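Architecture and fold: a report
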Amino acid sequence: VTGTGAVLGGPVPIGPRLLLLVPARSYRAADFLLAAARMGLDLIVASDGALPIGGRPVIHVNPADPDGSIHRILARSGPVAAVVAADTPMLMLAAAVAERLGLPHNPADAVLNAADKARQRQRWAAAGVAQPRFEIVPAAADDVIRQAAEAVGFPCVVKAVSLSASQGILRADDPAAAVTAARRIRQILAAARRPHGEPLVVEEYLPGPELSIDGLLVGGDLTVTAIFDKPGMPDGPTFEETLLVTPSRLPPPVLAAAIATAGQAARALGLTRGPVHAELRIDDRGGQPRPAMLELAARCIGGLCSRALRFPGGKTLEELVLASALGRSVGAGWSGGHCQQVPAGHEPVRPAGVFMLPVPQSGVLRAVEGRDAALAVPGVTGLTITIPIGRHVDPLPGGDRYLGFIFAEGNTPEQAEQALAAARGRLRAVIQ
Amino acid sequence: MTDLAAQVTAALERGLLPSVIARGGAVRVAAAENGIVTLEVTGSPGAVLPLASRIEGVIRAAVPGITAVRLVTPGAGPARPSPEDPGDLAGAARRILDAEVNPAIAAHRGHVTVAGVTDGWLRIRLEGGCQGCSLAEVTVRQGIEPLLRSRLPAMIGLADVTDHEAGTDPFFSPEKR
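From a predicted model like this one, the values you see are computed outputs, not experimental measurements. (Residues numbered from 1 in each chain as written. Chains lettered and ligands numbered in written order. Predicted model: local features only at pLDDT ≥ 70, side-chain atom pairs only at ≥ 80, totals over all residues. Heavy atoms only, no water.)

1. A few points about the overall build of chain A
To keep it simple, the criterion reads: Comment: elements are numbered from the N terminus, with helices defined as DSSP H or I runs of at least four residues and strands as E runs of at least two. Only C-alpha atoms enter the radius of gyration; for comparison, a globular chain is expected to reach 2.2 Å times N to the power 0.38, where N is the number of residues. Note on definitions: a residue-residue contact is assigned when non-hydrogen atoms from the two residues lie within 4.5 Å. Accessible areas in this description were obtained via Shrake-Rupley with a 1.4 Å probe; residue shielding takes into account the shown protein chains only.
What chain A contains, in helices and strands, is eleven helices and 20 strands. In summary, chain A has a C-alpha radius of gyration of 21 Å against a globular reference of 22 Å for 432 residues, a match within 12%. With respect to the three principal axes, the spread of C-alpha positions in chain A is 65 × 50 × 45 Å. Excluding contacts between residues fewer than 6 apart, the proportion of contacts in chain A whose partners are at least 24 apart in sequence is 70%. Accessible surface for chain A amounts to roughly 15800 Å². Of this, 54% is attributable to carbon and sulfur atoms.

2. Looking at the overall build of chain B
Rules: Three exposure classes are used, based on accessible area relative to the maximum for each residue type with a 1.4 Å probe and protein chains only: buried under 20%, partly exposed in between, and exposed over 50%.
Across its full length, chain B holds six helices and seven strands. Element order for chain B, N to C, with α for helix and β for strand: α-α-β-β-α-α-β-β-α-β-β-α-β. Scored against the burial criterion, the 177 residues of chain B give a buried share of 54%. Within chain B, contacts between residues at least 6 apart in sequence are counted, and of these 59% link residues at least 24 apart. A total accessible area of about 7100 Å² is found for chain B, and carbon and sulfur atoms account for 51% of it.

3. Focus on the confidence of the model for chain A
Residue and element names in this part refer to chain A. Threshold: Confidence scores per residue from the predictor, reported as pLDDT, run from 0 to 100.
With 92% of its residues at a pLDDT of 70 or more, chain A shows a mean pLDDT of 89. Averaged pLDDT values for the elements of chain A fall to 37 in strand S14 (residues 339–340) and rise to 98 in strand S4 (residues 82–85). Per-residue pLDDT stays below 50 along residues 1–11; that stretch engages in 37 contacts with residues further than four places along the chain or on separate chains. In this model, residues 332–348 is a region of pLDDT below 50 whose contacts with residues beyond four sequence positions or in other chains number 46 contacts.

4. Notes on the pairing of strand S2 (residues 42–47) of chain A
Residues and elements named next belong to chain A. The condition that has to hold: When DSSP finds at least two bridges between two strands, those strands are taken to pair. We call a crossover right-handed when, viewed with the strands running away from us, the connection from the first strand over the helix to the second turns clockwise.
Most of S2 sits inside the fold, with six of its six residues counted as buried. Burial of S2 is two-sided: the residues Asp42, Ile44 and Ala46 facing one way and the residues Leu43, Val45 and Ser47 facing the other way are all buried. Across six bridges, strand S1 (residues 17–22) lies against S2 in parallel orientation. Opposite Leu21, over in S2, you have Ala46 as the bridge partner. In this region the chain leaves S1, passes through helix H1 (residues 29–39) and returns to the parallel neighbour S2; the handedness of that crossover is right-handed. Across two bridges, S2 lies against strand S3 (residues 59–60) in parallel orientation. Opposite Ser47, over in S3, you have His60 as the bridge partner.

5. What to know about the nonpolar core
The condition is simple: Nonpolar cores are built from buried Ala, Val, Leu, Ile, Met, Phe, Trp, Tyr and Cys residues. Side-chain atoms within 4.5 Å join them into one set.
In terms of nonpolar packing, the biggest core is built from 73 residues, with Ile144(B) and Leu148(B) touching the most fellow members. It is helix H5 (residues 86–105) of chain B that provides the largest number of residues to this core, a total of eight residues. Counting residues in each nonpolar core, the second largest holds 47 residues, with Ala94(A), Ala114(A), Leu250(A) and Ala265(A) among its members.

6. Thoughts on the sheet that holds strand S16 (residues 363–369) of chain A
Residue and element names in this part refer to chain A. Pairing within the open sheet is antiparallel, and its three strands lie in the order S18-S16-S20. The open sheet is flanked by strand S18 (392–393) and strand S20 (428–431), the only strands paired with a single partner. Where S16 lies against S20, four bridges are found, and the strand directions are antiparallel. Residue pairing across strands places Ala367 opposite Val430, the latter belonging to S20.

7. Comments concerning the packing of aromatic side chains
Our working rule: Centres within 6.5 Å are what make two rings of Phe, Tyr or Trp a pair, Trp counting through its six-membered ring; a difference in plane orientation under 30 degrees is then read as stacked, over 60 as edge-to-face, and the rest as tilted. Look at NZ for Lys and CZ for Arg. If either is within 6 Å of the ring centre and within 35 degrees of the ring normal, a charge sits over the ring.
Scanning the entire structure with this criterion turns up four aromatic pairs over all chains. An angle of 85° between the planes, with centres 4.9 Å apart, marks the rings of Phe171(B) and Phe172(B) as edge-to-face. With relative accessibility at 25%, the residue Phe171(B) sits in the partly exposed group. Three or more aromatic residues joined by ring pairs make a cluster, and in this case those are Tyr27(A), Phe405(A) and Phe407(A). Over the face of the ring belonging to Tyr205(A) we find Arg171(A), whose NZ or CZ atom lies 4.5 Å from the ring centre.

8. Here's the deal with helix H6 (residues 142–152) of chain A
All names here are of chain A. As a reminder of what qualifies: The directions considered for the arc run from the helix axis to the C-beta atoms.
Restricting attention to buried positions, one finds in H6 the residues Ile145, Ala148, Ala149 and Val152. Buried residues along H6 cover an arc of 100° about the axis, so they all sit on one side. Contacts from the buried residues of H6 go to strand S5 (134–137), strand S6 (156–160), helix H7 (175–191) and strand S8 (200–204). After H6 finishes, the residue Gly153 shows a positive phi value of roughly 95°.

9. A short note on the sheet that holds S8(A)
Residue and element names in this part refer to chain A. Put simply, the rule reads: Throughout, an axis means a line fitted to C-alpha atoms (over the contacting stretch in the case of helices), and angles, computed between N-to-C directions, take values from 0 to 180 degrees.
What the four strands build is an open sheet, ordered S5-S8-S6-S7; its pairing is antiparallel. Taken across any chain shown, the strands that pair with only one partner, and hence form the sheet edges, are S5 and strand S7 (169–172). Each adjacent strand pair in this sheet contributes to an overall mean axis angle of 20°, direction not counted. Where S5 and S8 come together, four bridges link them in antiparallel fashion. Paired with Phe134 across the bridge in S8 is Glu203.

10. Brief notes about the environment of Asp229(A)
All names here are of chain A. The cut-off we apply is this: Pairs of N or O atoms are called polar contacts if they sit within 3.5 Å, as long as, within protein, a hydrogen donor faces a hydrogen acceptor (for residues adjacent in sequence, only side-chain-to-side-chain pairs).
Inspection of the secondary structure assignment puts Asp229 in strand S10 (residues 221–229). Given a relative accessible area of 8%, Asp229 falls into the buried group. Sequence separation of Asp229 and Glu204 is 25 residues, and the distance between their C-alpha atoms is 21 Å. In this structure Asp229 touches Glu210, Leu211, Leu243, Leu244, Val245, Pro247, Ser248, Arg249 and Leu250, once residues within four positions along its chain are discounted. Only 2.6 Å separates the side chain of Asp229 from the side chain of Ser248, close enough to count as a polar contact.

11. With respect to the pattern of salt bridges
Residues and elements named next belong to chain A. Formally: One side-chain nitrogen of Lys or Arg within 4 Å of one carboxyl oxygen of Asp or Glu is enough to make a salt bridge.
Following the criterion strictly, the structure yields 36 salt bridges over all chains and no others. The partner of Glu295 in a salt bridge is Lys117, with the nearest N and O atoms 3.3 Å apart. Of this pair, Glu295 sits in strand S13 (residues 290–297) while Lys117 sits in helix H5 (residues 117–127); the two residues are 178 residues apart in sequence, bridging distant segments of the chain. Take Glu295 and Lys117: they sit in the same class, and that class is buried.

12. Here we look at the state of the cysteines
Counted only if it meets this: Disulfide: a pair of cysteine sulfur atoms within 2.5 Å of each other.
Per the stated rule, a full pass over the model turns up zero disulfides over all chains. Cys133(B) carries a free sulfur, and the closest cysteine sulfur to it, the one in Cys130(B), is 6.5 Å from it.

13. As for the pairing of strand S15 (residues 352–357) of chain A
All names here are of chain A. With six of six residues buried, S15 lies mostly within the body of the structure. Of the two faces of S15, the one holding Ala352, Val354 and Met356 and the one holding Gly353, Phe355 and Leu357 are both buried throughout. Sheet topology places strand S11 (residues 243–246) next to S15; four bridges connect them, and they run antiparallel. Pairing of Thr246 across the sheet is with Ala352, part of S15. The pairing of S15 with strand S19 (residues 404–409) spans six bridges and is classified as antiparallel. Its bridge partner lying in S19, Val354 is registered against Phe407.

Right, here's the structure in full:
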């Protein structure tokens, strides 16, 4: 039952010094800090949000000012063994800082590729990675959208290239719906203050089960840390990710093909190291299941979802990420294969899942009722509401928040899924 | 491991360990005899202290022979009175926070108070813009905790007992990515 924690009341073990870049608006700060504490790392934090207080002040950085940020880091951090971005907004800065410090890092161009859905599609097309048919529509006029949608076929999916968490993604079943979807997405982009004229992606809608693959790249080789099935993924028009269950129940040959596709996709973007989170669909048309890439990000799974995962020794996903950044092996069975199945002995300890609570309607969140009842469901291990009461919320495709997260474990994936569904059924969001 | 310890371990693994680990702590059964379970806790104090009563409830419900649950920290022995008077520790902490922390976090509409001291463990509560802020853990772990540790040698541990989910006006809210 033990973890690897810093000892309370005794001398705090000081391991290698690691620079963690933490964006202000991220779910991920606490889990990375806790992981560093459990590993006894000498942690330096740089952020665009935290205030410089206490004995070890946070270094102020601004992702929009890499030169100034690097200057402050170099002046304050001292030598570090690794640089890690806790979340997407810090990825480019982390690469730049690591380059300046002479540390291993992803090429800047690779990070840009992973952050832009249009660049992803183009790189994957060039590398022959399986993916939906697509068109990139620059500063789209209605007739251009219509032509692009007709080119990929119906139903299709219209996507913003720079948003995430299913924001700015709509399915369209005919040309008129595609035009309407594009107009709506442009409104969302404007509200998100994205650059005017940002292109859209129009891509083929792939039916079939969806899954996510998390892994760690070392020298371009992928070691998988978790594969989540996404049962209950909607067919559109919006694509709320709600239910994630691991390990996957897909047939091993399909999983092997999906892992190979994810690894190929990461390398095609130029990524060589660090965490990746890939989302795929298993195109089941024609009777031959075929994995196809939807998206890939150069980070861990988002939100609080990593808390559903536990690895041998009680380690968290963030501990594996930090260990990998420090050049440590992340698991038994590692053999440096070009793209590897989940290493033996490195699977999550128990089947587990997470339910991301979607926003059902626009309005002000007044309450989330039934929390005690949800927590009482056997197998449920946690419930966190992450939207403050009193805040205005919007559903997809315009919203970019989930109400919170339910966590569960079971002896089987089915048990974990059933516990999550039961707990979800006991919750009621009051939005007015 | 005795049967009793194994039963307690299984109860922890089934019900609570993921929550403890998720919050940065760890719990190990150090002893289980004569109806008394001694749990060794490591990692974040804030991971275990708020769950102490739930831990005891889960264990007592799952293992009927258990009558008491004690938490200890490695190297510190069983939870014990601090050599310093709790009032002194709380007062000293309060003075440091008011002089060196609160003026700074006021810029983010935040405030930190001392919620109490038990056995050398200082409990703090974050308020205002810090309650529910996505960077609250950074403020506590990189700012407040090292500052207090350096000034208050009698402090065994620091627990953030804030109900962050109840925060209605956090300075930074997280975004799903």
